[in-house]
Structures are given as C-alpha cells and as structure tokens.
Amino acid sequence: MSEAGQTETALGQSPCFTPGTRLHQELSIYVHLPFCIQKCVYCAFDSVVGSETDLLAWHQAILRDLELQAYHLAQRYQYVVSLFFGGGTPSLLSPRLIGEIIDLVQSLWTCSTSMEITMEANPESVTEAKLHGWRRAGVNRLSLGVQAMSDHRLFLLGRPHDSAMVQRAFQAARTEGFDNINLDLIYGSPQHTPEQWRWELDQAMALEPEHFSCYSLSIEPGTPLAEQLSLGQCALPPEDILETIHFLTVESLVIQGWERYEVSNYARPDYCCRHNLGIWRSGDYVGVGPAAHGKTTLDDWTEVRTVNHWPVQRYVHALERGEVPFQWVEVSSRREAAVDCLLMGLRLASGIPRQLYLDRAGVDLLETKGREVQMLIQEGLLHVDTASIRLSARGMDLLNSCLEWLI
Ligand code: SF4
C-alpha cells in the first residue's frame, strides 16, 4: 500500500489511469454519504453526525470526485450498470442534490438504460415529498435500514426510528411507485430470542418487500455496545440461539418465496441487488465519497484498489485543492485477485463461473485444490460442474470453514 503522499506517483505509473482497452464491460458506482443524525450503539461504519454545511461541502466534493474518476476511467468501461447511494444516511439528501449527482453520472459515463439506482434510506428521514423527488430524479430501488421490527429492539440498537415509522416509510414508498424495496434487518442483538425474531420476521414479510438483507449483529471494538457488553450491562444470545435464529431466517424466507441467492440476502425472482451482484462476481466499481473503496481490473488481471480519504474534511479539502482524493492505492497480485474471487463468489448460491476463476487465477481451482475440492464435494458442501463451482445450502452456512480449505 502507498501512503497518501505517494498517491499521485502511484497513479501516474498505473496503467489503470491511462487509456486502456475496453476489457471490462460493466461498472458499478458507489457514492458514500457519511452523515447520520446520531450514532447507533453498534456502529463502526465510516459515518459521523454532520451539519447542513458539511453536507453541502460533501456534495460539491462528490461532483468533483465523479468528474476526476470519469476522466481517468470512463473509457475503460462500456457502461455503468448500477449506482448505489450508501452510508451513513443517504436519505438525508434532498431530491435536488441526488438529482444533480445522478445527472452528472449520466453525463460523464455511458449508463445502461436499465441502470439500477439504489438509495439507502432510514425510516426517520423518509418523507412523501422526498420519495416523490428521489423517484423523479431516477432512484428506482430503495433499501430501507429497518434493522428491527420491535420498538424494544430498535431502542436497544440505538436507532432513531420506531416500528410505526417503518410501516409509514414503506407504505409511502409503495404509494410513490417504488416497486423494488429491500429491508435491512439485524438479528442477534442482546437478549434476542427466536420467538421475538419469528414475530419480527412475520411483521417484515407482511410488508411484502422484494428483497431482504439479514445480518447477524457484529460487535465492533470501540463501539458503545462493545463497552456495554464488556461491563456486563447486557449479554449477547449464546451460539446455539444464534444458530436457531439463522435457520429460522432461512426457512421462513425461503418457504415464503424469497430465494436465498447469497449467504445473507434473499430476493423475489428477478429482484437480486444488481450492484452487490457485480461486486460478488468480481466486477469493477468506482467509489466516490469519504472512505469509499474502488477497484479496477487491469488487462493482466491484476487489480488496482483505491480507498478515499477519511475523515470527511480531508476528503473535501483534497478535492477543493484539485488533488486526487485517494488515501490508499494498492495493486493486488493475480493470486490476491483469485482469493478475492473465492471470498466473494462463494457467497452466492450460483457460485463462481469456472471461466471467471480461471481468468483471475490463471489456473483452474481443481488443479491447485483438487484434493480439498473432492473432500468438500463428498461432505455435501460443494458442487462442481463444467460451468461453475458453488456451495450447497449447508456449505453456505459453513462458508468460512469451506473457504479455509480452498484458499
Ligand atoms: S444509521 Fe447506519 S451508518 Fe448511521 S450510525 Fe446507524 S448504523 Fe451507523
């Protein structure tokens, strides 16, 4: 990795930033809005409580960042297939600011006519007027940061919304014509029980969203929740309860028609998240915004990875001075790219196309890990055919153990 001071040298030398062949046809763009109205107790994401002035400075910086990255990269890609506003709380953005970003993306890059434009939205900052404006601006997929369906659990997680706001935001989004909605849910918070979760899942499924993301709560060092746990002020559910909750999630959603297409993601047919699919399938992405990550695959299948400056002011000031906003630039070897292909691709129920792995690694997985592959097949954890390598449903539940054998 290079320090920020070496960034421009590294960029100048990198074939990634000189006009190249159109090796990679599809690109995703991620826009990171790092502001929230308060910090949730479990949050270790790159987010801060920000003012209106911060938000406007961020917006100007985003427009510059998009121009700069398009100047270097746009010719490498045939079209942009997805634009994702993540955070933080992107729903703090007015339709006007969102619209300016979408318009700029469409003027700088060639975009697919069916480009997926997702916005993460937190229920407390969703209004009918904003929904109307976001939709008019081009947002066609909404990802609601619901996290829990009970007021008690929302309180424990330190979320600023309640369950009534979830219902209201969801119904308002439907009324405004959003027909592709994801609900983000978290299970395994302190004292969580399978009975509570079953009730919450029933409530969430009754809304009939097109997509669910269901993650187990992860405890990150330095967060208020980690502190509460270390002081014995609360306790996480034991492993067997977490396992029960996980299996309950898979069973309930699958029986009701949401396909488990990724370890933690479920969708109605044709409603998988196109943006995340691109990343799980080793696709390239541009990251704009503070702390956003980007990845460009070079013609020799090595990868250039970038991470933007953090904190926000450093990112904004770099762009105000006309500098590249990268904090890190790293060129991954082909071997690292192949490992990443496994880490990402085996999360998907459809697995990894054999040819994709061969391109990345330069050698078939069965040649380098034949014995391990056979063992996982015999254990019923892995399927291999001429087209793909994929984990079984049980293999997906044991993802980390399977990866240890294959990497
Ligand atoms: S809304 Fe998300 S990003 Fe913001 S503080 Fe809560 S968990 Fe963190």
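In this numbering scheme, every chain counts its residues from 1 along its sequence in written order. Only residues with pLDDT of 70 or above have their local features reported here, since the model is predicted, and side-chain atom pairs are shown and tallied only from 80 upward, although totals for entire chains, interfaces and linings are computed over all residues.

Re the overall build of the protein chain
Strands here are runs of E lasting at least two residues and helices are runs of H or I lasting at least four, both read from the DSSP assignment and numbered beginning at the N terminus. Across its full length, the protein chain carries 17 helices and 17 strands. With the radius of gyration taken over C-alpha atoms, the globule rule is written as 2.2 Å times the number of residues to the power 0.38. Over its C-alpha trace the protein chain gives a radius of gyration of 21 Å, about what one expects of a compact globule, namely 22 Å for 407 residues. Structurally, the protein chain occupies a C-alpha span of about 60 × 55 × 45 Å along its principal axes. Split into buried and exposed, the 407 residues of the protein chain put 41% on the buried side. Here, residue contact means that the backbone-derived C-beta atoms of the two residues sit within 7 Å. Counting contacts in the protein chain only where the partners sit at least 6 residues apart, residues at least 24 apart contribute 71% of the total. Around each residue's C-beta, the other C-beta atoms within 10 Å are counted; 20 or more make the residue buried, 12 or fewer make it exposed, and counts in between make it partly exposed. All C-beta atoms are placed from the backbone.

What to know about helix α12 (residues 334-345)
Expected helix span is computed as 1.5 Å times (number of residues minus one). Spanning 12 residues, α12 covers 16 Å between terminal C-alpha atoms, matching the ideal 16 Å at 1.5 Å per step. Restricting attention to buried positions, one finds in α12 the residues Ala337, Ala338, Cys341, Leu342 and Gly345. The arc that holds the buried residues of α12, viewed along the axis, is 145°, so those residues lie on one side. Elements in contact with the buried residues of α12: α10 (274-280), β13 (303-308), β14 (326-332), β15 (352-353), α13 (354-361) and α17 (399-406). Picture the helix axis, draw a direction to every C-beta atom, and the arc is the one those directions span.

Observations regarding the packing of helix α2 (residues 52-73) against helix α3 (residues 95-108)
Interaxial angle, 0 to 180 degrees, is taken between N-to-C directions of lines fitted to C-alpha atoms, where a helix line uses only the stretch in contact. At a minimum axis separation of 10 Å, α2 and α3 run at an interaxial angle of 10°. Comparing their axes, α3 and α2 come out roughly parallel. Across the interface between the two elements, His59, Ile62, Leu63, Leu66, Glu67 and Ala70 from α2 touch Leu97, Ile101, Leu104, Val105 and Leu108 from α3. Grouping the constituent residues of the contact of α2 with α3 by class yields 9 nonpolar, 1 polar and 1 charged. Any angle from 65 to 115 degrees is called roughly perpendicular, while one under 35 is roughly parallel, one over 145 is roughly antiparallel, and all others are oblique. Note that Gly is not counted as nonpolar here; it falls among the polar residues with everything else outside the nonpolar set of Ala, Val, Leu, Ile, Met, Phe, Trp, Tyr, Cys and Pro and the charged set of Asp, Glu, Lys and Arg.

Focus: the sheet that holds strand β16 (residues 382-384)
Note on pairing: DSSP must find at least two bridges between two strands before they are called paired. Overall, antiparallel pairing links the 3 strands, which are arranged β15-β17-β16 in an open sheet. The sheet is open, and its two edges are formed by β15 and β16, each paired on a single side. Summarising the sheet, β16 and strand β17 (residues 388-391) pair through 3 bridges and their orientation is antiparallel. Residue pairing across strands places Leu382 opposite Leu391, the latter belonging to β17.

Some remarks on the environment of Trp58
Its place among the elements puts Trp58 in helix α2. The sequence separation of Trp58 and Leu92 amounts to 34 residues, and the corresponding C-alpha distance is 12 Å. With residues near it in sequence (within four places) discarded, Trp58 still touches Val312 and Val316.

With respect to the nonpolar core
Any nonpolar core is a set of buried residues, restricted to Ala, Val, Leu, Ile, Met, Phe, Trp, Tyr and Cys, that join up through C-beta atoms within 7 Å. Of all hydrophobic cores here, the largest spans 77 residues; its most connected members are Ile29, Val31, Val80 and Val105. Listed in part, the 15 residues of the second largest apolar core include Leu342, Ile352, Leu365 and Ile389.

Considerations on unusual backbone geometry
In the segment running from Gly87 into Gly88, the intervening peptide bond is cis, with an omega of 15°. Following the sequence through the fold, Gly88 ends up in the loop between β4 (77-87) and α3. Cis geometry is adopted by the peptide bond preceding Pro311, which originates at Trp310 and carries an omega value of 5°. Residue placement: Pro311 occurs in the loop between β13 and α11 (312-320).

What about the domain arrangement of the protein chain?
If you check the domain split of the protein chain, you get domain 1 (4-279) and domain 2 (335-407). These domain limits were set by an automatic method or by a database of domain assignments. Measuring from the centre of the C-alpha atoms in domain 1 to the corresponding centre in domain 2 gives 27 Å. The interface of domain 1 with domain 2 comprises 5 residues on the first partner and 6 residues on the second. Its residues placed into classes, the side of domain 1 that touches domain 2 shows 3 nonpolar, no polar and 2 charged.

Observations concerning the site of the ligand
For each residue, a C-beta atom is positioned from the backbone; the residue is called near a molecule or strand if that atom sits within 6 Å of it. Around the ligand, the structure places Cys36, Lys39, Cys40, Cys43, Phe45, Ser47, Gly87, Gly88, Thr89, Asn122 and Gly145. The residue inventory of the shell around the ligand, partitioned by class, reads 4 nonpolar, 6 polar and 1 charged.

A word on the pairing of β4
Within β4, 9 of the 11 residues are buried, which leaves it mostly tucked inside the rest of the structure. Relative to strand β5 (residues 111-121), β4 is paired through 5 bridges, and the arrangement is parallel. Bridge assignment links Phe84 to a residue of β5, and that residue is Thr118. Convention used here: a crossover is right-handed provided that the path from the first strand, over the helix, to the second strand proceeds clockwise when the strands point away from the viewer. Crossover connection from β4 via α3 to parallel β5: handedness right-handed.

Remarks on the packing of helix α7 (residues 194-206) against helix α9 (residues 239-255)
Where α7 contacts α9, the two axes come as close as 10 Å, and the packing angle between them is 25°. It follows from the interaxial angle that α7 and α9 lie roughly parallel. Along this stretch, α7 crosses α9, giving a crossing that reads as right-handed. Along its contact with α7, which presents Pro194, Trp197, Arg198 and Leu201, the element α9 presents Ile241, Thr244, Ile245, Leu248, Thr249 and Ser252. Residues belonging to the contact of α7 with α9 are distributed by class as follows: 6 nonpolar, 3 polar and 1 charged. Two helices crossing with the near one rotated counterclockwise from the far one by less than a right angle form a left-handed crossing, whereas a clockwise rotation gives a right-handed crossing.

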